[in-house]
Amino acid sequence: MSIVSERLIIWHGQHGRHHLPWQKSRDPYAIWLSEIMLQQTQVNTVIPYYARFMQEFPTIDSLAQASLDTVLSLWSGLGYYSRARNLHITAREVMHYYQGQFPCTRETIQKLPGIGRSTAAAIAVFSFGQREAILDGNVKRIFARYYGISGYPGENKTQNLLWKKAEESLPVHYHNGKIEAYTQALMDLGASVCTRHAPRCKICPLQSECVALKEDRVNQVPTAKPRRPLPQKEAIFLLLMERHNILLEQRPSPGIWGGLWCPPEIGVGIDVINHCQRNLNIEVKAPIKLPTLDHQFTHFKLRIHPQLLQVTSSDSLITLSKFIWTKPMNALAKGIPAPVRKLIKQTFLSGHSSPGI
Ligand code: SF4
């Protein structure tokens, strides 16, 4: 057994997490769901979402049969919505191509939508006890520091080297829960000891061989992502009000926020009243500009300019299925992105009457 795995398995027995809700199960469906939710998201945030999902969709069949709208509304607030769309597609694929049996090897799991090598490996480990290496962001940080590997882990060369180290570090004897304990230990060490900022090297089970610690390079490893300023896009969100309802439009999928509900969006510089007349067949009063909202995606920043518009014509309202009129409170129960949730809350539900309404 490698020194790393030996130390981590012992450490996990004493200090690791043993009572996370998905740890009670070896059901690949439950483990897959938890692993997808845990991508880019902290355990404490995931736990209530996981509980709601498992209650609503206790089996992969029930998830496959649900509408995407229902899945997105349960996911609402967790972010990175492509995860929810891929969950839904994958559930249907598993029902269709695998007769409802989740595939049991890392290679096959990895072919399903939205499942990368590390996530596939985690599912293979926790569901089927297979000897597979994981390498999520936390684990990259641990191995980069422990083996003293410089270079940004997002670059292929560094990533390939980290995969090699991850495989070399696996326990040789992996039965009787050893591979599960080792894999969970890596996750727990990354979350609680070898953290991005202020790692707790004094209590780390790997401290005596850790290269970055020996060379006093802990704060330089892993190498940070080369900084490039994110491009900024701008858009106007039309908060159209008809009596006490607002208009929401379901965004096309694929695309940013695909399948989620948002106020209609137009580019800056477009005449709002004209747009409403020509494209939505709606007459409105003069718009009221609301404070801007900023939202950051992985690849760009979005500055939202919301405008509140009172609808004056009520006989020609939109009937296409991608549009709905709904009360602001009811909109919150739908699949809506975080900045839209914030916008609706602060405009309609903050306890003050809406401006100009
Ligand atoms: S000794 Fe410090 S830097 Fe090295 S693996 Fe442990 S926590 Fe990370």
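Keep in mind it's a predicted model, so treat the numbers as computed, not measured.

1. Here's the deal with the domain arrangement of the protein chain
Okay, step 1: Structurally, the protein chain comprises domain 1 (3-133 + 169-192) and domain 2 (232-348).
Okay, step 2: Here the C-alpha centroids of domain 1 and domain 2 sit 35 Å apart.
Okay, step 3: Opposite the seven residues of domain 1 that make contact, domain 2 presents 16 residues.
Okay, step 4: Across the interface of domain 1 and domain 2, roughly 750 Å² is buried in total on both sides, 47% from carbon and sulfur atoms.
Okay, step 5: Area buried by domain 1 at its contact with domain 2 is led by Asp69, Tyr81 and Arg85, which between them contribute 53% of it.
Okay, step 6: Inspection of the domain 1/domain 2 interface yields one salt bridge.
Okay, step 7: Of the charged contacts in the structure, one is a salt bridge between aspartate 69 and lysine 334, with a shortest N-O distance of 3.7 Å.
Okay, step 8: The interface formed by domain 1 and domain 2 holds five residue pairs in polar contact (both at pLDDT 80 or more) in total.
Okay, step 9: The element best represented in the side of domain 1 that touches domain 2 is helix α5 (residues 68-75), accounting for three residues.

2. Looking at the pattern of salt bridges
Okay, step 1: Counted under the stated rule, the structure contains 13 salt bridges.
Okay, step 2: Of the charged contacts in the structure, one is a salt bridge between arginine 26 and glutamate 180, with a shortest N-O distance of 2.9 Å. Highlighted residues: arginine 26 in the loop between α1 (3-15) and α2 (28-38) and glutamate 180 in helix α11 (residues 178-192), separated in sequence by 154 residues.
Okay, step 3: A relative accessible area of 14% means that glutamate 180 is categorised as buried.
Okay, step 4: Residue glutamate 168 is joined to lysine 165 by a salt bridge in which the shortest nitrogen-to-oxygen separation is 3.6 Å.

3. A closer look at unusual backbone geometry
Okay, step 1: A cis amide bond, omega -5°, links valine 221 with the succeeding residue proline 222.
Okay, step 2: Within the secondary structure, proline 222 is located in the loop between α12 (211-214) and β1 (232-242).
Okay, step 3: In the segment running from serine 253 into proline 254, the intervening peptide bond is cis, with an omega of 5°.
Okay, step 4: With respect to the secondary-structure elements, proline 254 resides in the loop between β2 (245-250) and β3 (261-262).
Okay, step 5: In this structure, glutamine 40 is a non-glycine residue whose phi angle is positive, near 60°.
Okay, step 6: Of note, glutamine 40 is situated in the loop between α2 and α3 (43-56).
Okay, step 7: Located in the positive-phi region is tryptophan 257, a residue other than glycine, with phi close to 60°.
Okay, step 8: Note that tryptophan 257 resides in the loop between β2 and β3.

4. Things to note about helix α6 (residues 82-97)
Okay, step 1: Its 16 residues place the ends of α6 21 Å apart at the C-alpha level, agreeing with the 22 Å of an ideal helix rising 1.5 Å per residue.
Okay, step 2: Those residues of α6 that fall on the buried side of the exposure criterion are Arg83, Ala84, Arg85, Leu87, His88, Thr90, Ala91 and Val94.
Okay, step 3: Buried-residue contacts for α6 involve α2, α3, α4 (60-65) and α5.
Okay, step 4: Positive backbone phi, approximately 50°, marks glutamine 99, located one or two places after α6.

5. Here we look at the UniProt feature "domain: HhH-GPD" (unreviewed entry) in the protein chain
Okay, step 1: Mapped onto this structure's residue numbering, the UniProt feature "domain: HhH-GPD" (unreviewed entry) falls at residues 37-192.
Okay, step 2: The span residues 37-192 is 64% helix and 0% strand, and its two end C-alpha atoms sit 19 Å from each other.

6. A closer look at α5
Okay, step 1: Considered for burial, the residues of α5 that qualify are Val71, Leu72, Leu74 and Trp75. End-on, the buried residues of α5 take up no more than an arc of 160°, which puts them together on one face.
Okay, step 2: Those residues of α5 hidden inside the fold are in contact with α2, α3, α4 and α6.
Okay, step 3: Just downstream of α5 lies glycine 77, where phi reads positive at about 105°.

7. A word on the packing of aromatic side chains
Okay, step 1: Across all of its chains, the model carries nine aromatic pairs by this definition.
Okay, step 2: Ring centres of tyrosine 29 and tryptophan 32 lie 6.0 Å apart, and the angle between their planes is 50°; on these two criteria the pair is classed as tilted. Of this pair, tyrosine 29 and tryptophan 32 both sit in helix α2, three residues apart, which is roughly one turn of the helix. Pair check on accessibility: tyrosine 29 and tryptophan 32 agree, each one buried.
Okay, step 3: Three or more aromatic residues joined by ring pairs make a cluster, and in this case those are Tyr29, Trp32 and Phe102.
Okay, step 4: Just above the ring of tyrosine 49 sits the side chain of arginine 52; from NZ or CZ to the centre is 4.8 Å.

8. Structural notes on the site of the ligand
Okay, step 1: If you check the shell around the ligand, you find Arg145, Cys194, Cys201, Cys204, Gln207, Cys210, Leu213 and Val218 and nothing else.
Okay, step 2: Within the shell around the ligand, the residues separate by chemical class into six nonpolar, one polar and one charged.

Definitions and limits used
Residues numbered from 1 in each chain as written. Predicted model: local features only at pLDDT ≥ 70, side-chain atom pairs only at ≥ 80, totals over all residues. Heavy atoms only, no water. Domains from an automatic or database assignment. Contact = heavy atoms within 4.5 Å. Buried area = accessible area lost by both parts, 1.4 Å probe. Salt bridge = Lys/Arg side-chain N within 4 Å of Asp/Glu carboxyl O. Polar contact = N/O pair within 3.5 Å; in protein donor to acceptor, adjacent residues only side chain to side chain. Helix = DSSP H or I, 4+ residues; strand = E, 2+ residues; numbered from the N terminus. Buried < 20%, exposed > 50% of the residue type's maximum accessible area, 1.4 Å probe, protein only. Expected span 1.5 Å × (residues − 1). UniProt positions renumbered as here; feature names shortened; annotations may be inferred. Arc of directions from axis to C-beta. Phe/Tyr/Trp six-rings, centres within 6.5 Å; stacked < 30°, edge-to-face > 60°. Lys NZ or Arg CZ within 6 Å of the ring centre and 35° of its normal. Near = heavy atom within 4 Å. Nonpolar A, V, L, I, M, F, W, Y, C, P; charged D, E, K, R; others polar.

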